[in-house]
Structure formats: C-alpha cells, structure tokens
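Chain by chain, the residues run as shown.
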Amino acid sequence: MPLGSRMLLLLFFCCGGSARAPNGDLTVRPTCKPGFSEDDYTALVSQNIMEGQKLLKVKFSGCSESKGIQYETDNLDFKKGKKNTSADLLQQPSDTLLPWRHQQNSHGLRRQKRDWVIPPINVPENSRGPFPQQLVRIRSDKDSEIHIRYSITGVGADQPPMEVFNIDPVSGRMYVTRPMDREERASYHLRAHAVDMNGNKVENPIDLYIYVIDMNDNRPEFINQVYNGSVDEGSKPGTYVMTVTANDADDVTTANGMVRYRIVTQTPQSPSQNMFTINSETGDIVTVAAGLDREKVQQYTVIVQATDMEGNLNYGLSNTATAIIMVTDVNDNPPEFTASTYSGEVPENRVEVVVANLTVMDRDQPHSPNWNAVYRIISGDPSGHFTIRTDPVTNEGLVTVVREVDYEMNRAFMLTVMVSNQAPLASGIQMSFQSTAGVTISVTDVNEPPYFPTNHKLIRLEEGVPTGTALMTFSAVDPDRFMQQAVRYSKLSDPANWLNINATNGQITTAAILDRESAYIKNNVYEATFLAADNGIPPASGTGTLQIYLIDINDNAPELQPKEAQICEKPNLNVINITAADADIDPNIGPFVFELPSVPSAIRKNWTITRLNGDYAQLSLRIMYLEAGVYDVPVIVTDSGNPPLFNTSVIKVKVCPCDENGDCTTIGAVAAAGLGTGAIIAILICIIILLTMVLLFVVWMKRREKERHTKQLLIDPEDDVRDNILKYDEEGGGEEDQDYDLSQLQQPESMDHVLNKANGVRRVDERPVVAEPQYPIRPVIPHPGDIGDFINEGLRAADNDPTAPPYDSLLVFDYEGSGSTAGSVSSLNSSSSGDQDYDYLNDWGPRFKKLADMYGGGEDD
C-alpha cells in the first residue's frame, strides 16, 4: 500500500487464553460462570500502527478474586499487556491479515465462528516499483499447529493475464509483479487458498478484491479531428451551431476523466473576434454575437481545446480539434436588373425566337434557390405573345416569342417585366425598385402568303352538271395590307381533272361532267386543292381545299345478278335467287321490280318470277319439263328512282338432268352445254381416230429410222451434195489396237521421208523446219470440183501414208507460213462494176445457191 493511505481491518477474534488458577487448574462453581465479558472483541486498526501501541482491553470475570489471573494468546503477532486484569493486543506486522479465526469455549472445545470479510486492496496504476511489490500477507491461525501452503487463483494469477499477482506459499505474502494499467483492467477478483502439506484443504477459500487506482495518464481525445457545422447568416445570438465531443480514458468519476471545453482561436475575427462560444461541459457551440453575413465571410475556422482535471490548465492534459463553421446563405439580397430598359426586334410570324436578353445581379449564393431568377411579364402583352425563360448558367432572362406576332396588327410591344428568386426573401427584406424593367420589342414586316379564309370549303352540288358550269369563286386574301401585290390562282390537285379555276379572280368552273359514281369520289365528296401565290419578293403562296358534295341523281339503271345460273330440267325446289345492283344510292335504288318480257312469248311460257322482297326474287320453270341446254332468259329490272330507270339483263340458265339430290349429273352438265347425244358420240369417234393416227405415225418413224441404219448408200458420197454425216471409222483403237510406235509422236530426227513426199498433205506435229514448198498459183476462176478434189486428195494421202499412227492424230493439210501464196482475206471487197463473173457458182449445187443468187444474178440484180 502506498504511504499515506489507510486500511480499516475488522478483527473478529476471541481471546484464546484461558483463566487459570495459580496452580493451573480450572475451578468450577455452580453459582458462578467464569468467562470473558464479551464473546468477540473488535478493534479498529490503522495501517500505520506502531509496535507496542494499545489496541483494545479485554476483561475476564472469575468466580473468585481476579488476582493471579494470567492472559495468553495463541497469535504470535499480538501480546498481552503488563496488567493482570486486562490485556492489550498489539499487531506486529502492519500488513498481516488473519482471515481464519478459531475460538475455544470454556469447556476447552474449539469452534469456528465465521470467516472474515476482507476489505478491498487498492493498487495505484503506473507504479514504478521495484517489483515484485508486496501488497498484503495472508495467514491462518492454524499455522502454529501444522505447516500450511498458501495459493491464489483467478484472473491475473492462474488465468490470463497470467502471473500479475503471486503469493509466497509459506509466508502467505502476496505481491504484484508489474505496473498496473487501469484503462486495461480496473479490478481483479482473486481467491486465496490454504492447504496442508498433503494438499488437504485447511481453510475455506476467501475472496480478495483488488482495485487499480486511476492516475491522470490519458489526454482527452476528440471523436473527430475536424468537425463541420453550419449556421444561417443573420442568425441571432444563442443560435445552436454544432457539438464537439472528446473522451478521456481515465476514470470519469474522478477529476482525471472530467473534460472541459474552450475555444482557443477563431478565424477570421470578423466582424468580431468572439462570434461563437462553447459550453464547457457539453461541447455545444452557439453564436454569441450578431453580424453573420455570408456575402462577407463564408466560413469560420474555430480551434477547440478539451482539458481534463476539470479544465485545470496547470495540472490537466489537453487536446485540440478544428471546427469548420459554414455560413449558409439566406435570401437576403433581392435580384436587380443591370439596366432599366431593354430592346429587341422580331420578324412577324416567327416563334421560338429570342428577341432580348435581360441581365440581373444577385449577391446570394450562385445556382441556389436564393440566386436563381424567375422572370414574369406584368404588363404590355395581354395576348401572351412572349414569355421569359431563365438561362440556368448565366441567370439571364431570355425574352422568347411563343405566339406569332402580326405586323399588320402590332408594330411594337412595350413590356414591363419583374424578376424575383425561386426562394422567398428572408424576413424583413424588401424588394428593390431595380427588380422591374421595361422591354421594347419592334416587329418587322415580312411577305406573308395569301390564305383562303374558309379552307376546306364545302359546297353541295348535284352530279351530272354540264361542262362549263360556274360553281363558286374560291378567292384568297393577302394579309400584307401595306404591300401592293397581286394574287394568282392555279390548280394544285384535281384527281379527275373535272375543274378549272380562273387565274385572276379564282372562279371555279366544271371542265367535265361530275359523276358521283366515279372512283375519285370518297363518301360522295370530291376534293380538289388550289394554290394562291402573290408576286412579292420572295413570292409566297398558300393552298386551299375545295370539297364538293355530289348529290345523287338516278342516272344508273340496275343490273341483274347473277349472270349465270343452273337449274334442273324438271320443276322442284331448285330455283334461282336473283337480285339487282344499282350504282346509285337511296332513294334511287330499291325496292326493285323484276319481270319477264312479253316477247318472245316462250320466255313467259317456260319461266316465271316470284317476288321475295324489295331486293330479291326467284326465277323458276313454269312448265313440267324443259330440255337440257343453255337458255338466255331476259329479265327486266326497274329501280325506284324518280324517274325510274330499268334495264333488261340476260341471265344464262343451264338446264340439266339432276340426280335424286337435285344436283346436275356429269352427262347432264355436258348436255346442258348444248350438245345432243349424237354430237357427243361423234366427238368420241374423232378422238379415237386422232389417237390411232398418232400411233401409226410413231410406228412409221421408228421403222424409217431402222431402215436408215441398215441400207447401203446408193450414191457416191463425192456426188452427194446433201447434208450427211459420214462415218469414217471409230475413234481410237481400243484394246485391240495398242501396238504402235510412240516415236511417231515426237519430232523426227530426219525429215527426208517427209521432204521426199509429193506436194500436198504432210503429217507432222510441228512447223516445218525446212524450206516451205511453193504452191502453184490457182486460177482466178476455180473449177467446180476443185474443193472436192482437194478434200479427197487429202483423205487418200492420209489413208496411204505408211508413217501414220494407227490412231486419230492431227492432220496438217497446209501451213501458210510467211511465204503463203494465198492473198489476205481483208483484200476482198464487193464490186458492182460487173467485171467478175460468178455464174459458175450455179454449178456448185444447192449449198452454194444462196451465194450464186447474191453474186451470180447478173441482170436480175
């Protein structure tokens, strides 16, 4: 324990000594019970008690005189005083605890009373030692009888953190082994044990509580090093701004952990050096002076200090933090125009055109509701031609045309505009007279197109009016009253080309008969578009649409439907339903009247019409039987127009035999087409004869083809001038003709056998390497057999040539070369002089007949 501290120890014990007679025997008297005056004696002992100091006085009452009574104690730490009647117990070591006490009664029996309540042991933190440092000594009163071993358990002893405390097992002295840190652990709970040498429990475990006494070894720490707060400009004194908080790890129940705050500095010191104050205990920062103006000072930096020891700057530990206080904007500055008047110009009939830019000044925070301008026109534009939009970047007002202006109506506008903010002005702030301005806008005249006052003009007219009829005057108006201009008219769209328009006055007349039933009519309306153009610079034009509603007249007779039908040759339920179609509309259509003509009389004799309703009737046979065939039945159809129109339509009715279901049979359908039985038989016979002739022709062709392959040629091929395919031999030698000399295909080493041959056909595979033969000049007029002789000569030479290979090869009949006597083909030209005689071409046969006709005609040409 540190010096100067005190510990109260409650000592509960009974004097262990016995009252003895001088001879050492105990005297028992029935009328007297000897003993101490109290069962227990309590002494309050200071830790600084000195040896020999009196503790308490005990009194023993015997049944005889008290002289000669001696007092003894079994605890060596205390001794009796000199007086015989009382004893003073003195504590020898000042830090010895005797938690286990035992007492012997007057009969010599020892009984355990109750365990001591050990007061807590206080240990200051951050002790400098030396270590180990003794804390307390624990003893049992049985250690005079047996050897006892002491031990401690708990956190700090045998549990982590280990060995913070230990105890001498013999003497019972407990030590702390290192400095303590209250912020790490503020208290320890240990248990002390006493056992004999065999490990048997001698005493019950006792609880030891050790508290670490706090020392001021920790500075206050702010939760944040920088705090951010805000306050509105113009705030009154006492307005809350923000709170700063610092924590001290020391014991908050002592001055070591009691933190106090103060403001060290304020930057800037405008308009006062003490604009803010702080609550020393809570850390709340509030305004203390008026005059906060964001337009002058937007931000304050305040240094706040926190000190423990209740703010004692001499003994306490301190720390600082920064508080940044933003002065937030309020709308205390109304927007003001930079000029009192503005002007602009706009052409007429234009929209979405910016005609003027309005500039304002606002000292509030830019791009905030307190700065954003809102413009409005308060006078001068009753028709709403203009609006003012705000530029989000520059905050300017853009005067924009949203509705066309007309120079002929208004040549200028005088607007009065006003500007305000999105946010309302702060309390007590009035609008400035500079928040209103005037705007003058001039309108310029432009050439406007003529327009038709009644566009999509609708007129009603009966169809069929004659050509040249004047319908109306479709005139346009030129809005440019201050310009002298002429308007010309023309057609822009007239699908049926039924109308004409006068180019000067716009009078519309018909160019053809208007027909309501035309394909150009939609819902009884004909539509045409006209163009009106002025002669301005530049010219302008407008369009107008004329719609003519055509009233129907009865100009279309009804048409019978259907045009063809089929009925059985005998009357039954099989009838023909007929109706009529009329291109007109009501009331010039049905109900229709259907009737048969009286001429020829056979019509009404064979047929009859039964009326079903106003639009339908039935056509059926009147007689019991009608021969199968196709009959043209005329029907007169009359509509209900005024006057009515009728039309005689012919319906082709096929009368045919029917089966039991009332359907025409196949033979009946053919018969109904108008052919009798004899005609049908004749057609079948003709078909059979035709098929027989085709078969005979095919057989004859096959037979002829076979004869051509088997008969021999009866004439010499040289004399046959007809086109024939001459079969000389099979190409190639096949498998039976493979024995031949391949050297014949190569260039021969010697050309003697070739040179010795007569002039004519040579069989070589390359250009001759020797002098080329000179061919005799042919006569101008060739002999008719010259070409045939040349071919036959080449054929015989090839057949008789012993050097020819036994397979097909290239036959070189001639090689012109550079010395050919043949003239150039390009030198030939036609001549009409008649010097050349081509009559010999007639002798060459049919192949040259065309050529002979072209050149050998003579005078016939």
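Residues numbered from 1 in each chain as written. Predicted model: local features only at pLDDT ≥ 70, side-chain atom pairs only at ≥ 80, totals over all residues. Heavy atoms only, no water.

Draft legend 1. Focus on the overall build of the protein. When helices and strands are tallied, the protein shows six helices and 47 strands. Residue burial in the protein is summarised as follows: out of 861 residues, 33% are buried. The contacts of the protein with a sequence gap of at least 6 include a subset with a gap of at least 24, amounting to 66%. Surface accessibility of the protein: about 53,100 Å² in total, with carbon and sulfur atoms responsible for 52%. (Helix = DSSP H or I, 4+ residues; strand = E, 2+ residues; numbered from the N terminus. Buried < 20%, exposed > 50% of the residue type's maximum accessible area, 1.4 Å probe, protein only. Contact = heavy atoms within 4.5 Å. Areas by Shrake-Rupley, 256 points an atom, 1.4 Å probe, with all protein chains shown as cover.)

Draft legend 2. Structural context of the nonpolar core. Core analysis: the largest hydrophobic core is formed by 25 residues, its most contacted members being Ile152, Phe165, Met174, Met180, Leu190, Leu208 and Ile210. Elements that contribute at least two residues to this core include exactly strand E8 (121–124), strand E9 (133–140), strand E10 (148–154), strand E11 (165–167), strand E12 (173–176), strand E13 (187–196) and strand E14 (201–213). The greatest single-element share of this core, amounting to five residues, is contributed by E14. In contact with methionine 180, other than residues within four places in its own chain, are Val123, Pro124, Glu125, Asn126, Val164, Phe165, Tyr188 and Val212. (Core = buried A, V, L, I, M, F, W, Y, C linked by side-chain atoms within 4.5 Å.)

Draft legend 3. Just the pattern of salt bridges, in detail. Overall, the coordinates contain 12 salt bridges when judged by the stated rule. For aspartate 329, the salt bridge identified is with arginine 294, shortest N-O distance 3.2 Å. Here arginine 294 lies in the loop between strand E21 (284–287) and strand E22 (299–307) and aspartate 329 lies in the loop between strand E23 (318–328) and strand E24 (336–337), a separation of 35 residues in the sequence. Its relative accessible area of 11% is what places aspartate 329 among the buried residues. With a shortest N-O distance of 3.1 Å, aspartate 494 and lysine 491 are connected by a salt bridge. Lysine 491 gets classed as partly exposed once you look at its relative accessible area, which sits at 32%. Among the charged side chains, a salt-bridge network with shared partners connects Arg182, Glu183 and Asp214. (Salt bridge = Lys/Arg side-chain N within 4 Å of Asp/Glu carboxyl O.)

Draft legend 4. Expanded view of the sheet that holds strand E43 (residues 593–595). Taking strand neighbours across the sheet as the criterion, the four strands line up as E41-E47-E46-E43 in an open arrangement whose pairing is mixed. The sheet terminates laterally at strand E41 (564–568) and E43, the two strands that pair on one side only. On average, each strand axis in the sheet is inclined to that of its neighbour by 35 degrees, with strand direction left out of account. Pairing geometry for strand E46 (residues 629–638) and strand E47 (residues 646–656), over 10 bridges, is antiparallel. (Pairing = 2+ DSSP bridges. Axes fitted to C-alpha atoms, helices over the stretch in contact; angles between N-to-C directions.)

Draft legend 5. Examining the environment of asparagine 357 more closely. In this fold, asparagine 357 is placed in strand E26 (residues 354–358). Residues asparagine 357 and glycine 344, spaced 13 residues apart in sequence, show a C-alpha to C-alpha distance of 8.6 Å. The contact partners of asparagine 357, leaving out residues within four places of it in the chain, are Tyr342, Glu396, Gly397 and Leu398. Engagement of the side chain of asparagine 357 in a polar contact is seen with the side chain of glutamate 396, the distance being 3.4 Å. (Polar contact = N/O pair within 3.5 Å; in protein donor to acceptor, adjacent residues only side chain to side chain.)

Draft legend 6. Fine view of the sheet that holds strand E37 (residues 507–510). Taken together, the three strands give an open sheet; going across it, the order is E34-E37-E36, and neighbouring strands pair in antiparallel fashion. One side of each edge strand has no neighbouring strand; the edge strands of this open sheet are strand E34 (470–473) and strand E36 (499–501). Pairwise comparison of adjacent strand axes, ignoring direction, gives a mean angle of 20 degrees for this sheet. In terms of strand pairing, E36 meets E37 through three bridges, oriented antiparallel. Bridged to asparagine 500 within E37 is threonine 509.

Draft legend 7. Quick peek at the confidence of the model for the protein. Mean pLDDT over the protein: 79, with 73% of residues reaching 70 or higher. Every residue in residues 104–115 is under pLDDT 50, and counting partners more than four places away or in other chains gives 17 contacts. Throughout residues 760–767 the model reports pLDDT below 50, and contacts reaching past four residues in sequence, or to other chains, amount to 26 contacts. (pLDDT = per-residue confidence, 0-100.)

Draft legend 8. Focus on the packing of aromatic side chains. The full count for this structure, using the stated rule, is 13 aromatic pairs. A ring pair is formed by phenylalanine 474 and phenylalanine 530, whose centres lie 6.1 Å apart and whose planes are at 80 degrees; its orientation type is edge-to-face. Of this pair, phenylalanine 474 sits in the loop between E34 and strand E35 (487–493) while phenylalanine 530 sits in strand E38 (residues 525–534); the two residues are 56 residues apart in sequence, bridging distant segments of the chain. Here the two residues phenylalanine 474 and phenylalanine 530 agree in accessibility, since each one is buried. (Phe/Tyr/Trp six-rings, centres within 6.5 Å; stacked < 30°, edge-to-face > 60°.)

Draft legend 9. Here's a closer look at the pairing of E10. Burial of E10 is one-sided: the residues Ile148, Tyr150, Ile152 and Gly154 facing one way are buried, the residues Arg149, Ser151 and Thr153 facing the other way are not. Pairing geometry for E10 and E13, over seven bridges, is antiparallel. Bridging across to E13, arginine 149 finds its partner in valine 195.

Draft legend 10. Representation of the side chain of glutamate 569 in the model. Inspection of the secondary structure assignment puts glutamate 569 in the loop between E41 and strand E42 (576–581). Contacts of glutamate 569, omitting those with residues within four sequence positions, involve Leu621, Met624, Tyr625, Leu626, Ala628, Val655, Cys656 and Pro657.

Draft legend 11. Region of interest: the pairing of E42. When strand E40 (residues 559–561) meets E42, the two strands line up antiparallel, connected through three bridges. Within E42, the position partnered with leucine 560 by the bridge is alanine 580.

Draft legend 12. Molecular detail of unusual backbone geometry. For the bond from glycine 129 to proline 130, the omega torsion is 5 degrees, close enough to zero to count as cis. As for its placement among the helices and strands, proline 130 is situated in the loop between E8 and E9. Residues threonine 267 and proline 268 are joined by a peptide bond in cis, for which omega reads -5 degrees. Locating proline 268 in the fold gives a position in the loop between strand E19 (260–267) and strand E20 (276–278). Unusually for a residue other than glycine, glutamate 310 sits at a positive phi of about 60 degrees. Relative to the elements of secondary structure, glutamate 310 occurs in the loop between E22 and E23. Classification of glutamate 310 by relative accessible area gives partly exposed; the value is 46%. Unlike most non-glycine residues, asparagine 349 shows phi in positive territory, near 65 degrees.

Draft legend 13. Just the state of the cysteines, in detail. Within the structure shown, the criterion is met by two disulfides. The disulfide partner of cysteine 568 is cysteine 658, and the gap between their sulfur atoms is 1.9 Å. Note on the cysteine 568 and cysteine 658 pair: the S-S dihedral is about -105 degrees, so by sign convention the disulfide is left-handed. Residue cysteine 568 is located in strand E41, and its partner cysteine 658 is located in the loop between E47 and helix H2 (666–672); the two are separated by 90 residues in the primary sequence. We classify cysteine 568 as buried; its relative accessible area is 3%. Judged by its relative accessible area of 24%, cysteine 658 falls in the partly exposed class. (Disulfide = S-S within 2.5 Å.)

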